[in-house]
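# A structural walkthrough
Residues per chain are reported as follows:
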Amino acid sequence: MENMMKKYLSLHLFSLFLILLPLLSSCDDQPQVYIIYFGEHKSGGKTIQEIEDSHHSYLLSVKSNEKDARDSLLYNYKNSINGFAALLTADEASKLSEMEEVVSAFPSKQHTWSIQTTRSWDFMGLDEKDSNSNNNYFTPRKNNALLRQANYGENVIVGMLDSGIWPESKSFDDEGMGPVPKSWKGICQTGDSFTSSHCNRKIIGARYYLKAYEASNGHLNTTAEYRSPRDHDGHGTHTSSTVAGRTVANVSAIGGFARGTASGGAPLARLAIYKVCWPVPNQPKANGNTCSEADMLAAIDDAIGDGVDVLSISIGTTDPVAYSEDGIAIGALHAIKRNIVVACSAGNSGPGPATASNLAPWMITVGASSIDRLFSAPVVLGNGNTIAGQTVTPYKLKNKQFPLVYAGDVGQAGVPKDAVAGQCLPNSLSPKKAKGKIVLCFRGNGTRVGKGLEVKRAGGKAIILANSLANGAEISVDAYVLPGTAVKADDGTRVFNYIKSTKKPTAHINTPKTVLNTKPAPYMASFSSRGPNGLELNLLKPDITAPGLNILAAWSGASSPTKLESDKRRVKYNLLSGTSMSCPHVSAAAVLLKAIHPTWSSAAIRSALMTTAGLKNNAGKQLTDASGNTATPFSYGSGHLRPTKASDPGLIYDASYTDYLIFLCSSVGGSEVKKVDPKFKCPKKTYSPSNHNYPSLAISELNGTMTVTRTVTNVGSSKSSYVSAYKAPEGFSVKISPKMLAFRHVGEKKSFTITVKQRKGKKKPKSGKYCFGWYRWTDGVHVVRSPLVVSPA
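Let me sum up the structure you'll find in this document.

Criteria and thresholds
- Residues numbered from 1 in each chain as written.
- Predicted model: local features only at pLDDT ≥ 70, side-chain atom pairs only at ≥ 80, totals over all residues.
- Heavy atoms only, no water.
- Buried < 20%, exposed > 50% of the residue type's maximum accessible area, 1.4 Å probe, protein only.
- Helix = DSSP H or I, 4+ residues; strand = E, 2+ residues; numbered from the N terminus.
- Arc of directions from axis to C-beta.
- Contact = heavy atoms within 4.5 Å.
- Disulfide = S-S within 2.5 Å.
- Pairing = 2+ DSSP bridges.
- Axes fitted to C-alpha atoms, helices over the stretch in contact; angles between N-to-C directions.
- Nonpolar A, V, L, I, M, F, W, Y, C, P; charged D, E, K, R; others polar.
- Salt bridge = Lys/Arg side-chain N within 4 Å of Asp/Glu carboxyl O.
- Parallel < 35°, antiparallel > 145°, perpendicular 65-115°, else oblique.
- Left-handed = near helix turned anticlockwise from the far one by under 90°.

## Description of helix H4 (residues 90-97)
Residues of H4 that are buried include every one of Glu92, Ala93 and Leu96, and no others. What you see down the axis of H4 is that its buried residues fit within an arc of 100 degrees, all on one side. Packing partners of the buried residues in H4 comprise strand S1 (32-40), helix H2 (48-62), strand S3 (81-88) and strand S4 (104-107).

Right, dumping it as structure tokens:
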């Protein structure tokens, strides 16, 4: 009987397997969005219709019929990039990849970003005050008003890849602006709550891209987002106004914090909006958005054809992606061939090593640092001790002590009493235990504002949010939905120890206020992603740092300051933190340089920004991290952005499209280069990627001696002489030859070599340890400085 039962079950399971097999196979080969890349279009080549027909013929070769081919196509890339995006099975994509004309075929990834100004530009010296003003750390040179010289960026067009724009904001008013530049060829795409009237002489164009997003996530939920260029989230409005917002007086965050005059870095620059980021399905808006690679590549392709001068992309990924399969990198490479500057955020995955994204040498990769402003809201404990805290919540406590509890001690029944229990995650607190009390919560899982919402749900009186060890002393402020403040990691431990050592602990949170001219500033934000470069150790990334901590800028009228669904408050300006905020600062500086030096290449502009960046804070000390430890080029790149200095750099390190391909030859090899540009043949002799003519120098796993060559172009005085200097990394010697460069005219190029040698004996550095130094050229007026990073074998 038992054997018969086993035989029956075996037959039954086998039959069930046969029934499910087609379903299992189909699940494994479900269509997904692929990018089919052919390289670039031939000059004087096909018409748009011919391009579309050609792409269709490729699809038809792997699809069963005409309708399937038409229905599967999402985008034709037709301006500079030659390719298309389509819904394909893995087998169909594989067949296309084997065709001779196809350079590469790869699945479209979805990148997520989290929310990555009345003070930041003033702090960097980009104003029209006298150069001796004490308000500015990065004071501009006397009689050099960069904004006036650049005419506030009026004839420069900056393309924003983000979550759209809120056109009614005063930051995007076009009053007094001149006609739209004749170079503009774009459109104003209409849709939900966005008409052609929302484009003007400021917002000169707008588009949105949904096809790849919907192919992966289903139809857009239009109750939570606009099917148009209009920004429901707020992130795109914030970044756009940071780059090019008009000057608007007497603005502030909710509660009156950070009050002052808001302005973008290039207030008369023109904005071209490319909405590519959308809500993550079934996730709270506060968790961030998602941006599909195929949608972004379509936006970059359109931006190239539309005539933008600068692209600002506050989007990144947590894992390095090969250059040949990175939609942003491929699009940016085609953009720089048209001399478009591309600035990208480094990411918010710090402070761990090798966390930076957007690692290609042809884009500017931006880290995030602070400005000299904080929002003081100290905690006064029942024992009389005062703990420093910060907040921008508009809610205040009565002037008395309240009972103080640790979240892990007031959890719901069944919530484990572990470290996670103290993080105030949704539905973790007991209303019976938390009601009327100030609750100490720790960062970790979940959003910061979500923790405040949980304390409020449980009837708590206020929240004290303590940093985790990874966040250290850096505080990103929030407009909580109840009274509250945020404290440093070690101060959070002090509050926790007080609670545990006292029978009836109490606390009070003082009324918050804005404090300016704080020191030290800038310092590196903990969240800012770090080097070394995860794709190529012989290229330093990020390139530069700029203000990204607690930045005030314009906001969407459809979103609350916390982006929590239950938060019904609305604001016109909001404070955000992230490399998403630092990237548009660099984009704006690039706009101003474009206006002053319209013939400069994108590499020249990147070089000017990098070689003039600052290494010291407003206390005259070396840049540090949020905890006061000395920072390194793996966090700040070349240093902190100084726009006025960058307008007159003296010398620049230039590079062409071909130079970037040669870099790829040495970095990833000829077969990979063919996936980027099938027509390019790598030189027979290749050099280390360290030889790429970059404004920084990284040498990985040096064994003995290496000599690299750099070439500089004179963009300063017609007759000038530059003398070299350097600080050798610990354990290495440095030699620069020749020691002096003499120029006779503007545009003249001179080459020099840098020889780095590993020391022997006791001074020999440990294997794998990164050591930092710098080298520079100066003519007595200009200082052209480059970071130097070396690790021994």
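## Topic: the state of the cysteines
Overall, the coordinates contain four disulfides when judged by the stated rule. Cys188 shares a disulfide with Cys199; S-S distance 2.0 Å. A torsion of 85 degrees about the S-S bond marks the disulfide between Cys188 and Cys199 as right-handed. Taken as a pair, Cys188 in the loop between strand S6 (157-162) and strand S7 (203-208) and Cys199 in the loop between S6 and S7 lie far apart in primary sequence, eleven residues in all. The exposure class of Cys188 is partly exposed, given its relative accessible area of 23%.

## A few points about the sheet that holds S1
Taken together, four strands build an open sheet; the order of strands is S2-S3-S1-S4 and the sheet is antiparallel. Taken across any chain shown, the strands that pair with only one partner, and hence form the sheet edges, are strand S2 (73-77) and S4. Shown here is a sheet whose adjacent strand axes are inclined to one another by a mean of 15 degrees, direction ignored. Bridging between S1 and S3 involves eight bridges; their strand directions are antiparallel. Counterpart to Tyr34 in the pairing with S3 is Ala86. Strands S1, S2 and S3 of the sheet are contacted by H2, whose axis makes an angle of about 35 degrees with S3. Contacting S1, S2, S3 and S4, helix H9 (residues 293-306) crosses the sheet at an angle of about 35 degrees to S2.

## Thoughts on the sheet that holds strand S19 (residues 402-406)
Taken in spatial order, the seven strands of this open sheet run S18-S17-S23-S19-S20-S21-S22, and their pairing is mixed. The open sheet is flanked by strand S18 (386-387) and strand S22 (484-487), the only strands paired with a single partner. Across the sheet, helix H12 (residues 448-457) is in contact with strand S20 (438-442) and strand S21 (462-466); its angle to S21 comes to roughly 145 degrees. Packed on one face of the sheet, helix H13 (residues 489-501) meets strand S17 (379-381), S18, S19, S20, S21, S22 and strand S23 (506-509) and runs near 105 degrees to S19.

## Remarks on the environment of Ala525
Its location among the elements puts Ala525 in the loop between strand S24 (513-516) and strand S25 (544-547). On the basis of relative accessibility, which here comes to 0%, the residue Ala525 falls in the buried class. When the C-alpha positions of Ala525 and Asn471 are compared, they lie 8.6 Å apart, and in sequence the two are 54 residues distant.

## A short note on unusual backbone geometry
The peptide bond linking Lys519 to Pro520 adopts the cis configuration, its omega dihedral lying at -5 degrees. Position of Pro520 among the secondary structure elements: in the loop between S24 and S25. Here Lys541 and Pro542 are connected by a cis peptide whose omega angle stands at 0 degrees. Positionally, Pro542 belongs in the loop between S24 and S25. One non-glycine residue with positive phi stands out, namely Asn358, at about 55 degrees. Tracing the backbone shows Asn358 in the loop between strand S14 (341-345) and strand S15 (364-369). Notably, Lys563 is not glycine yet its phi reads approximately 65 degrees, a positive angle. With respect to the secondary-structure elements, Lys563 resides in the loop between strand S26 (551-554) and strand S27 (573-576). Look at Lys563 and you get buried, because its relative accessible area is 5%.

## Details of the packing of helix H10 (residues 327-337) against helix H18 (residues 657-668)
With their axes 9 Å apart at the nearest point, H10 and H18 run at an angle of 145 degrees to one another. Facing H10, whose interface residues are Leu333, Ile336 and Lys337, H18 presents Tyr657, Tyr660 and Leu661. Each residue belonging to the contact of H10 with H18 can be placed in one class, and the counts come to five nonpolar, no polar and one charged.

## Description of the pattern of salt bridges
Using the criterion set out here, one finds 23 salt bridges in the structure. Of the charged contacts, one joins Arg227 and Glu214 as a salt bridge, the two residues approaching to 2.6 Å between their closest N and O atoms. Of this pair, Arg227 sits in the loop between helix H7 (211-217) and helix H8 (235-244) while Glu214 sits in helix H7, and the two are 13 residues apart along the sequence. For Arg227, a relative accessible area of 24% corresponds to the partly exposed category. The exposure class of Glu214 is buried, given its relative accessible area of 18%.

## With respect to the packing of H8 against helix H14 (residues 579-596)
With their axes 8 Å apart at the nearest point, H8 and H14 run at an angle of 30 degrees to one another. With respect to H14, the axis of H8 lies roughly parallel. In the crossing of H8 with H14, the sense of the turn from one axis to the other is right-handed. When H8 is examined against H14, the residues His235, His238, Thr239, Thr242 and Val243 are found in contact with a partner set consisting of Ser580, Met581, Pro584, His585, Ser587 and Ala588. Class assignment of the residues belonging to the contact of H8 with H14 gives a composition of four nonpolar, seven polar and no charged.

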